[in-house]
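# An overview of the molecular structure
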Amino acid sequence: MPEDVGFTTMAGARAEGSAPEIGIGMLGYAFMGKAHSNAFKKLPYMMYPPLAVPRLAAICGRNAAATAEAAKRYGYEKTYSDWREMIADPAVQVFDNGGPNDAHAEPSIAAAAAGKHVFCEKPLARTAAEAKSMLDAVEKAGVKHMVAFNYRFVPAIVQARKLIESGALGRIFHFRAVYLQEWIIDPNFPKIWRLDASQAGSGALGDLGAHVIDLARFLVGEPSRIMAMTKTFVEERPLPDGSGKGKVDVDDAFISLMEFQNGAIGTIEASRFCHGRKNYNSIEINAEHGTIRFNLERMNELDVFWADDSPKETRGFHNVLVTESYHPYWENWWPHGHIIGWEHTFVHEFHHFFGAILGKWNVEPYGASFVDGYRNAVICDAILASARSGRSVDVQY
Ligand code: SOE
């Protein structure tokens, strides 16, 4: 069994000798297809020498012309329009599911049964039951599995985790997180798949809320109880094919109270109706010895307040630029202050997954496995149940 190495060991791991190739079968060519492909190409020369070299074996998509264009753009060797054929390709060792939420379960389950390691975008599934079927499949197949909760791989978030793990912050009292965007306030924005429950499962909850739920579990621990409300501000939208209007059956926003097994309490929320908030994933943790605060729109910074800071006359929040060579992952990048971006979290994430595939470490606790994806889905289901009943709901995995 691989050892549970610390984040520093894992982040600094490098190939001894020539690194093996790992064949990638990419499902999807849109936003996540672009983010993942970019990371596959950058990884070998930035996490250098790489543990493994991703071979862009195949990319699959329903639209043959768009898939062919993506293959040319990123350098995939083959294209498929049927994921079943791509999964059968012996050149594919890793099935990377970057498709919409309703395309997560069936292809990932089939890929696991075919002996492929599976990397799946978040949220893992539309419901906890669907997520559980995916977890059962990968565990039965004995393949490695990971969910793309990429914010676990922001250096500032890793640093926050290390501060908590070391005990420096002490007992945690509060977790407070918001993930706010502004892109569907216009009622004429069409009812795309992210606004359709049959395709997405939920709205802001599964798309943005899943991220803050994962960070709550990654930094604080397991929730024990939640109490939530959801809201759909625009209840009808134009259909993408211009054939009329459709009812919006997902949340535009949610707010939830959270109680954790370790006694901490918190609030989380997500909305796509916040003018001026572009990709505002902001968290704050208040603890026994201090407070930490992070904002994705300033992702290289971590604000830290130490209760015992001295002299007390100058006690205040420190704004730490998390870009020193001793900060997580920074030995791979640039001199301090030369900041990195959202795209680089995917490079770190695949470095982590490849190390797990090579047996150097486990996906957990620093990466999110399908167990984390399933637990996340249970919490999302509990939030929707609480919003429907108006009562608190215990979180039971
Ligand atoms: C859209 O809301 C989105 O792309 C999410 O799907 C991603 O997970 C998030 O990282 C950025 O916003």
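Definitions and limits used
- Residues numbered from 1 in each chain as written.
- Predicted model: local features only at pLDDT ≥ 70, side-chain atom pairs only at ≥ 80, totals over all residues.
- Heavy atoms only, no water.
- Disulfide = S-S within 2.5 Å.
- Buried < 20%, exposed > 50% of the residue type's maximum accessible area, 1.4 Å probe, protein only.
- Phe/Tyr/Trp six-rings, centres within 6.5 Å; stacked < 30°, edge-to-face > 60°.
- Helix = DSSP H or I, 4+ residues; strand = E, 2+ residues; numbered from the N terminus.
- Lys NZ or Arg CZ within 6 Å of the ring centre and 35° of its normal.
- Pairing = 2+ DSSP bridges.
- Contact = heavy atoms within 4.5 Å.
- Axes fitted to C-alpha atoms, helices over the stretch in contact; angles between N-to-C directions.
- Core = buried A, V, L, I, M, F, W, Y, C linked by side-chain atoms within 4.5 Å.
- Domains from an automatic or database assignment.
- Near = heavy atom within 4 Å.
- Polar contact = N/O pair within 3.5 Å; in protein donor to acceptor, adjacent residues only side chain to side chain.
- Areas by Shrake-Rupley, 256 points an atom, 1.4 Å probe, with all protein chains shown as cover.
- 1 Å grid on protein atoms, 1.4 Å probe; cavity = no way out; pocket = protein on both sides within 12 Å on 5 of 7 lines; lining within 4 Å.
- Sits in = over half its atoms within 2 Å of the grid points.
- Nonpolar A, V, L, I, M, F, W, Y, C, P; charged D, E, K, R; others polar.

## Comments concerning the state of the cysteines
Applying the stated criterion across every chain, the model contains zero disulfides. Here cysteine 274 is not cross-linked by a disulfide; its sulfur's nearest cysteine counterpart is in cysteine 380, at 18 Å. Free cysteine: cysteine 380, not disulfide-bonded; nearest cysteine sulfur from cysteine 120 at 14 Å. On the basis of relative accessibility, which here comes to 9%, the residue cysteine 380 falls in the buried class.

## Here's the deal with the packing of aromatic side chains
Following the criterion strictly, the structure yields 13 aromatic pairs and no others. Where phenylalanine 119 meets phenylalanine 353, the ring centres are 5.6 Å apart and the plane angle is 55°; that geometry is what we call tilted. Taken as a pair, phenylalanine 119 in strand β5 (residues 117-120) and phenylalanine 353 in helix α10 (residues 344-357) lie far apart in primary sequence, 234 residues in all. Residues phenylalanine 119 and phenylalanine 353 agree in their burial class; the two are buried. Linked through ring pairs, Phe40, Phe119, Phe350, Phe353 and Phe354 together constitute an aromatic cluster. Above the plane of the ring of tyrosine 280 lies arginine 277, whose end atom (NZ or CZ) is 3.6 Å from the centre. Taking NZ or CZ as reference, arginine 293 lies 4.3 Å from the ring centre of phenylalanine 317, over its face.

## Thoughts on the sheet that holds strand β13 (residues 280-287)
If you walk across this open sheet you meet the nine strands as β16-β15-β14-β13-β7-β12-β11-β8-β17, and the pairing is mixed. The open sheet has two edge strands with one neighbour each: β16 (318-321) and β17 (393-394). As paired strands, β13 and strand β14 (residues 290-295) are joined by five bridges and run antiparallel to one another. What sits directly across from glutamate 284, in β14, is arginine 293. Each of β7 (172-180), β13, β14 and β15 (301-306) is contacted by helix α7 (residues 155-165), which is oriented at about 25° to β15, the strand it contacts most. Against the sheet, helix α11 (residues 370-389) makes contact with β8 (223-231), β11 (253-260), β12 (265-271) and β17, and its axis sits at roughly 55° relative to β8, the strand it touches most.

## Thoughts on the nonpolar core
Core analysis: the biggest nonpolar cluster contains 121 residues, and Phe175, Ile268, Phe294, Tyr329, Phe354, Phe370 and Ile383 have the highest contact counts within it. Broken down by element, the residue count for this core peaks at 10 residues, all from helix α9 (residues 204-219). Inspection of this core shows a minimum of three residues originating in each of domain 1 (3-150) and domain 2 (157-394). Ignoring anything within four residues of it in the chain, the contact list for phenylalanine 175 reads Val212, Leu215, Ala216, Val220, Phe260, Ile265, Gly266, Thr267, Ile268, Ile283, Glu284 and Ile285. In this structure, Ile184, Val234, Val248 and Phe273 belong to the second largest nonpolar core, which totals six residues.

## A short note on the environment of leucine 135
Following the sequence through the fold, leucine 135 ends up in helix α6 (residues 128-141). Through-space distance from the C-alpha of leucine 135 to that of alanine 71 is 30 Å; in sequence the pair is 64 residues apart. Those residues in contact with leucine 135 that sit more than four places away from it in its chain are His145, Phe370, Val371 and Tyr374.

## Regarding the site of the ligand
Close to the ligand lie Phe31, Lys122, Tyr151, Tyr179, Gln181, Arg194, Asp207, Leu208, His211, Asn279 and Trp342. Within the contact set of the ligand, an oxygen atom lies 3.4 Å away from a side-chain nitrogen or oxygen of tyrosine 179. At a separation of 2.9 Å, an oxygen atom of the ligand approaches a polar side-chain atom of glutamine 181. Isolated, the ligand exposes 300 Å² of accessible area, and the fraction of that covered by the protein chains is 91%. A molecule is said to occupy a pocket when more than half its atoms come within 2 Å of that pocket's grid points, and by this definition the ligand occupies the largest pocket. Among the residues making up the shell around the ligand, the classes are represented as five nonpolar, three polar and three charged.

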